[in-house]
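Results of the structural survey
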Amino acid sequence: MRIILLGSPGAGKGTQAKFLCEHYGIPQISTGDMLRAAVQANSPLGQHVQAIMASGALVPDELMIDLVKQRILDADCQKGFLLDGFPRTLPQAQALKDAGIDLDAVIEIQVADEVIIQRLSGRRVHPASGRVYHQDFHPAKISGIDDETGEPLIQRVDDQADTVRHRLSVYHQQTTPLIAYYLDLAALQTEKSPQFFSIDGSQTVDQVRAALIDVLGVL
Ligand code: ADP
Ligand code: ADP
């Protein structure tokens, strides 16, 4: 099973990815998590992308394409994978296609911008696992502490309101064209074209999950 989750920052991709990956026994490939790990490790890649990420801009396509192509070669991707945060631009989507990486499903999680601002200001993450919490909507059992490891949760530097607004405008300019791109691909209905689904992400976490189960049931 090869799945792409599309949706604005804060739409709930990471939250739902955890469940989908468990369900299908596939790895979650979160390009944001991979880049943050590189920043944390202070690797050459991390040094290169740190300021770009903090500003809310996108990392150059060539870098992202190389990173994902390499990751997909790992043994754990043989049964499939879920891409969370990639592709984010038309050249990234085209690169997947050119590399012969076909997909089963592309799922857009739709959430209005006003809701996003509220979600991201309360987002807290456990950096090592990528587990995501929200202060009000999905609180940790003990405030500020990861449920599974007991380690502290952090607030991402790019989740401040001004940066979030910038990330939303980047999303609308650079990533929303992917919706038409994948709709067109799905409409071809060839063996290689993915199915496209759009889900209302403004519902509760459980309702979104149920909607996902519903659409993926048909695959
Ligand atoms: P969110 O899902 O909250 O938008 P991510 O964790 O996916 O955030 O991404 C955080 C940042 O990492 C982005 O704002 C961008 O700078 C960088 N990034 C992640 N994935 C990509 C990508 N596919 N292309 C370019 N930049 C990316
Ligand atoms: P993305 O990966 O798309 O950037 P996340 O999964 O990190 O989004 O979710 C962003 C924030 O919103 C997190 O704090 C998360 O706990 C919260 N969240 C996710 N889904 C929902 C939902 N359906 N309702 C309310 N809050 C949600």
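This report concerns the structure included in the present document. (Residues numbered from 1 in each chain as written. Chains lettered and ligands numbered in written order. Predicted model: local features only at pLDDT ≥ 70, side-chain atom pairs only at ≥ 80, totals over all residues. Heavy atoms only, no water.)

Moving on: the state of the cysteines. On inspection of all chains with the given rule, the structure shows 0 disulfides. Of all cysteine sulfurs, the one in Cys 21 lies closest to Cys 77, which takes part in no disulfide; the gap is 10.0 Å. (Disulfide = S-S within 2.5 Å.)

Ranked by internal contacts, the top residues of the largest apolar core, which has 29 residues, are Ile 4, Leu 6, Leu 83, Leu 96 and Tyr 182. Where this core is concerned, the elements lending two or more residues are β1 (2-6), α3 (44-55), α4 (61-72), β3 (81-84), α5 (90-98) and α8 (177-187). If sequence neighbours within four positions are ignored, Leu 6 has contacts with Lys 13, Pro 87, Val 106, Ile 107, Glu 108, Ile 109, Tyr 171, Thr 175, Leu 178, Ile 179, Tyr 182 and Phe 196. Of all hydrophobic cores here, the second largest spans 23 residues; its members include Ile 26, Ile 109, Ile 116 and Leu 168. (Core = buried A, V, L, I, M, F, W, Y, C linked by side-chain atoms within 4.5 Å. Buried < 20%, exposed > 50% of the residue type's maximum accessible area, 1.4 Å probe, protein only. Helix = DSSP H or I, 4+ residues; strand = E, 2+ residues; numbered from the N terminus. Contact = heavy atoms within 4.5 Å.)

Around ligand 1, a shell composed of 19 residues is seen, among which Thr 31, Ala 57, Gly 85, Arg 88 and Arg 167 lie nearest. Note that a nitrogen atom of ligand 1 is positioned 3.1 Å from one of the backbone N or O atoms of Val 59. Between ligand 1 and Arg 123 there is a distance of 2.9 Å, counted from an oxygen atom to a side-chain nitrogen or oxygen. In isolation ligand 1 has 550 Å² of accessible area, and contact with the protein removes 97% of it. (Near = heavy atom within 4 Å. Polar contact = N/O pair within 3.5 Å; in protein donor to acceptor, adjacent residues only side chain to side chain. Areas by Shrake-Rupley, 256 points an atom, 1.4 Å probe, with all protein chains shown as cover.)

In the vicinity of ligand 2 lie 19 residues, with Gly 10, Lys 13, Thr 15, Arg 123 and Tyr 133 positioned nearest. The backbone of Tyr 133 places a nitrogen or oxygen atom 2.7 Å from an oxygen atom of ligand 2. Taken by itself ligand 2 offers 560 Å² of open surface, and the protein chains cover 93% of this. Going through the elements one at a time, α1 (13-24) and β6 (131-134) are the ones with two or more residues in the shell around ligand 2. Its residues assigned to classes, the shell around ligand 2 comprises 6 nonpolar, 10 polar and 3 charged. (Nonpolar A, V, L, I, M, F, W, Y, C, P; charged D, E, K, R; others polar.)

Strands sit in the order β2-β3-β1-β4-β7 across an open sheet of 5 strands; the sheet is parallel. The outermost strands of the open sheet, each flanked by one partner alone, are β2 (28-30) and β7 (195-200). Pairwise comparison of adjacent strand axes, ignoring direction, gives a mean angle of 20° for this sheet. Bridging between β1 and strand β4 (residues 105-110) involves 4 bridges; their strand directions are parallel. When the bridges of β4 are listed, Leu 5 appears paired with Ile 107. Those strands touched by helix α2 (residues 31-41) are β2 and β3, and its axis lies near 60° from that of β2. Where helix α9 (residues 205-216) meets the sheet, its contacts fall on β1, β4 and β7, and the angle it forms with β7 comes to roughly 160°. (Pairing = 2+ DSSP bridges. Axes fitted to C-alpha atoms, helices over the stretch in contact; angles between N-to-C directions.)

Let us look at the side chain of Thr 175. With respect to the helices, strands and loops of the structure, Thr 175 is situated in helix α7 (residues 161-175). Residue classification places Thr 175 among the buried positions, given a relative accessible area of 4%. Ignoring any residue separated from it by four or fewer positions in sequence, one finds Thr 175 in contact with Leu 6, Pro 87, Arg 88 and Val 170.

Positionally, Asp 184 belongs in helix α8. Overall, the relative accessible area of 54% leaves Asp 184 in the exposed class. In sequence terms Asp 184 and Val 39 are 145 residues apart; their C-alpha atoms lie 36 Å from each other.

This next bit is on the packing of α2 against α4. Direction vectors running N to C along α2 and α4 enclose 100°, while the axes themselves pass 11 Å from each other. Compared by their axis directions, α2 and α4 come out roughly perpendicular. Facing α2, whose interface residues are Thr 31, Met 34 and Leu 35, α4 presents Met 64, Leu 67, Val 68 and Arg 71. The residue inventory of the contact of α2 with α4, partitioned by class, reads 5 nonpolar, 1 polar and 1 charged. (Parallel < 35°, antiparallel > 145°, perpendicular 65-115°, else oblique.)

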